[in-house]
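For reference, the chains in residue letters:
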Amino acid sequence: ARLAQMIALCGRYLLAQATSDKGDKQLRVYDSMEHIRENYRQDISISALAERAGMSLNHFSLIFKQTVGMSPQQYLTDYRLQQAIRLLCYGNMRIQDIALEIGYEDPMYFSRVFKKHILVSPSEFFRLYTKDWGKEEKKRSITLQNLVD
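Cut-offs used in this document
Residues numbered from 1 in each chain as written. Predicted model: local features only at pLDDT ≥ 70, side-chain atom pairs only at ≥ 80, totals over all residues. Heavy atoms only, no water. Helix = DSSP H or I, 4+ residues; strand = E, 2+ residues; numbered from the N terminus. Buried < 20%, exposed > 50% of the residue type's maximum accessible area, 1.4 Å probe, protein only. Lys, Arg positive; Asp, Glu negative; His and termini not counted. Salt bridge = Lys/Arg side-chain N within 4 Å of Asp/Glu carboxyl O. Polar contact = N/O pair within 3.5 Å; in protein donor to acceptor, adjacent residues only side chain to side chain. Contact = heavy atoms within 4.5 Å. Arc of directions from axis to C-beta. Phe/Tyr/Trp six-rings, centres within 6.5 Å; stacked < 30°, edge-to-face > 60°. Axes fitted to C-alpha atoms, helices over the stretch in contact; angles between N-to-C directions. Parallel < 35°, antiparallel > 145°, perpendicular 65-115°, else oblique. Nonpolar A, V, L, I, M, F, W, Y, C, P; charged D, E, K, R; others polar.

### Section: the side chain of Arg80
Here Arg80 is to be found in helix H4 (residues 72–90). Although Arg80 lies buried, it forms no salt bridge, and the closest oppositely charged side chain, Asp43, sits 5.4 Å away as judged by the N-O distance. Within the structure, the side chain of Arg80 is placed 3.0 Å from the backbone oxygen of Ile102, a separation counted as a polar contact. Those residues in contact with Arg80, other than ones at most four positions away along the chain, are Tyr40, Gln42, Asp43, Ile44, Ile102, Gly103 and Tyr104.

Laid out in structure tokens, this is it:
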């Protein structure tokens, strides 16, 4: 009976330890996500993120994907592209400057990545966005004019 209690106690300890380790690793992944959001303009290597999190590259990538649903490289690319879209829509910057602003030193590489993920080039996206925005503005002004008349 005493042996069974000891085994059960050890089992609970090991389960608690495993749960604690998993939570700790998830916290380190969330810290890495925050690091990406704060430093996306800089050169960020996934191996440096893994080292910062205290894990091997493979283990970090596995835990990151289990926690976030995508690889760390995907997350970095997606976040950078979100920022690029924001700058294309609301900024007044050249595409080369946007590329540099979001962490791509080569504007041509940025354009290829953008097109691969967004399915249109940055300049085409800008044209489509401003074209649609212009239509919306025209609709709004017509609606306002109808209200005044």
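And the narrative resumes.
### Some words on the pattern of salt bridges
All chains considered together, the criterion is met by 4 salt bridges. Across the pair Asp31 and Arg52 runs a salt bridge, and its minimum N-O distance is 2.7 Å. Linking Asp31 in helix H1 (residues 2–39) with Arg52 in helix H2 (residues 46–53), this pair joins segments that are 21 residues apart in sequence.

### Remarks on H2
What H2 keeps buried is the set Ile46, Leu49, Ala50 and Ala53. Down the axis of H2, the buried set is contained in an arc of 100°. They therefore lie on one face. Looking one or two residues beyond H2, the residue adopting positive phi is Gly54, at roughly 75°.

### Here's the deal with the packing of aromatic side chains
Tallied over the entire structure, the rule returns 9 aromatic pairs. Centre to centre, the rings of Phe110 and Phe114 are 5.8 Å apart; their planes meet at 65°, and the pair counts as edge-to-face. In this pair, Phe110 and Phe114 both sit in helix H6 (residues 107–118), 4 residues apart, roughly one turn of the helix. Of the residues examined, Phe110 reaches a relative accessible area of 1% and is grouped as buried. Given the relative accessible area of 0%, Phe114 is considered buried. Put simply, the rings of Tyr90, Tyr104, Tyr109, Phe110, Phe114, Phe125 and Tyr129 pair up and form one aromatic cluster.

### Structural notes on the environment of Phe64
Tracing the backbone through its elements, the reader meets Phe64 in helix H3 (residues 57–68). On the accessibility criterion, Phe64 (0% relative accessible area) is buried. It is 9.0 Å that separates the C-alpha atoms of Phe64 and Ser32, two residues lying 32 residues apart in sequence. With sequence-adjacent residues up to four places away left out, Phe64 is seen in contact with Val29, Ser32, Met33, Gly69, Met70, Ser71, Pro72 and Tyr75.

### Observations regarding the packing of H4 against H6
Here H4 crosses H6 at 95°, and the two axes come no closer than 11 Å. Judged by the inter-axis angle, H4 sits roughly perpendicular to H6. Mapping the contact onto sequence places Thr77, Asp78, Leu81, Ala84, Ile85 and Leu88 in H4 and Phe110, Val113, Phe114, His117 and Ile118 in H6. When grouped by side-chain class, the residues that make up the contact of H4 with H6 number 8 nonpolar, 2 polar and 1 charged.

### Topic: the side chain of Gln83
Looking at the element boundaries, Gln83 is found in helix H4. Using a relative accessible area of 10% as the deciding quantity, one classes Gln83 as buried. When near neighbours in sequence (up to four residues on either side) are disregarded, Gln83 contacts Tyr40 and Ile102.

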